Amino acid sequence: SLRDKSNVRGGWLPSLTFVSGSPHQAMSYDASYMNIALTIISIVVSALGGGACGSVITGRREKRQRRAAFLGFLRQWQVELSLPDRGPTSLSFRTDSAIVLYDSKLPAFSAEVERARDVFPDAEKFQALTDRLRKLTPEDWKGKQPRQVISEALDELIAFVSQC
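First, a word on scope: everything that follows refers to the structure included in this document. (Residues numbered from 1 in each chain as written. Predicted model: local features only at pLDDT ≥ 70, side-chain atom pairs only at ≥ 80, totals over all residues. Heavy atoms only, no water.)

Moving on: helix α4 (residues 97-116). Over its 20 residues, α4 extends 28 Å from the first C-alpha to the last, a length consistent with the 28 Å expected when each residue adds 1.5 Å. The largest bend in α4 comes to about 40°, at L106, with the proline P107 one to four residues further on. Those residues of α4 not exposed but buried are A98, I99, L101, Y102, K105, L106, F109, E112, V113 and A116. (Helix = DSSP H or I, 4+ residues; strand = E, 2+ residues; numbered from the N terminus. Expected span 1.5 Å × (residues − 1). Bend = angle between axes of the 7 residues up to and from the residue. Buried < 20%, exposed > 50% of the residue type's maximum accessible area, 1.4 Å probe, protein only.)

This brings us to the pattern of salt bridges. Tallying each qualifying case throughout the model produces eight salt bridges. Residue D131 pairs with R134 through a salt bridge whose shortest N-O separation is 3.9 Å. Taken as a pair, D131 and R134 lie in helix α5 (residues 123-134) at a separation of three residues, close to a single helical turn. Here the salt bridges do not stand alone but share partners, grouping E62, R66 and D118 into one network. (Salt bridge = Lys/Arg side-chain N within 4 Å of Asp/Glu carboxyl O.)

Where α4 contacts helix α6 (residues 146-163), the axes come no closer than 8 Å and their chain directions differ by 35°. Together, S97, A98, I99, Y102 and F109 of α4 and P146, R147, I150 and L157 of α6 make up the contact between the two elements. Residues belonging to the contact of α4 with α6 are distributed by class as follows: seven nonpolar, one polar and one charged. (Axes fitted to C-alpha atoms, helices over the stretch in contact; angles between N-to-C directions. Contact = heavy atoms within 4.5 Å. Nonpolar A, V, L, I, M, F, W, Y, C, P; charged D, E, K, R; others polar.)

Turning to the packing of aromatic side chains, a few remarks are in order. If you walk through the whole model with that rule in mind, you get eleven aromatic pairs. Measuring from ring centre to ring centre gives 6.4 Å for Y102 and W141, while their planes differ by 85°; the resulting arrangement is edge-to-face. Residue Y102 is located in helix α4, and its partner W141 is located in the loop between α5 and α6; the two are separated by 39 residues in the primary sequence. As far as the burial class goes, Y102 and W141 line up, both buried. Relative to F160, the ring of F126 lies with its centre 6.5 Å away and its plane at 35°, an arrangement referred to as tilted. Linking F126 in helix α5 with F160 in helix α6, this pair joins segments that are 34 residues apart in sequence. In terms of burial, F126 and F160 fall into one category: buried. Site record: aromatic cluster; members linked through ring pairs are F70, F73, W77, Y102, F109, F120, F126, W141 and F160. (Phe/Tyr/Trp six-rings, centres within 6.5 Å; stacked < 30°, edge-to-face > 60°.)

Next up, the structure:
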């Protein structure tokens, strides 16, 4: 009887059996609920775990791309700085052409720094190197050529970015 089976398994509902497909494949209700629960749990864990892994991989790739873009910007600036003077222009008539180039690049440099800020593990060193380049003044090139001072600051920053 059903009552006798309930004493064996601890309750009569889990002890009920049904036959699925053939008479030799009996399964209890508790086992079928367990299979459904495990299936649901595995689907949820897979969805969450897969999304998290994908997010980590995408985040790393995006940081690499921002680092490469920042390095490209710095190298382009370095190349422009190394080009020979083309003679005086209306902007550089009283000023060294390296200073004119430096002043014209500062807004774009500041924007690139903000895009790349969280890419580098040593945030303090990144900040110090970018501040050094961003805050050059005429006092910094006393006794030196402005092109040399700007180039040295760029070289240090490029070396740091290349190592990361």
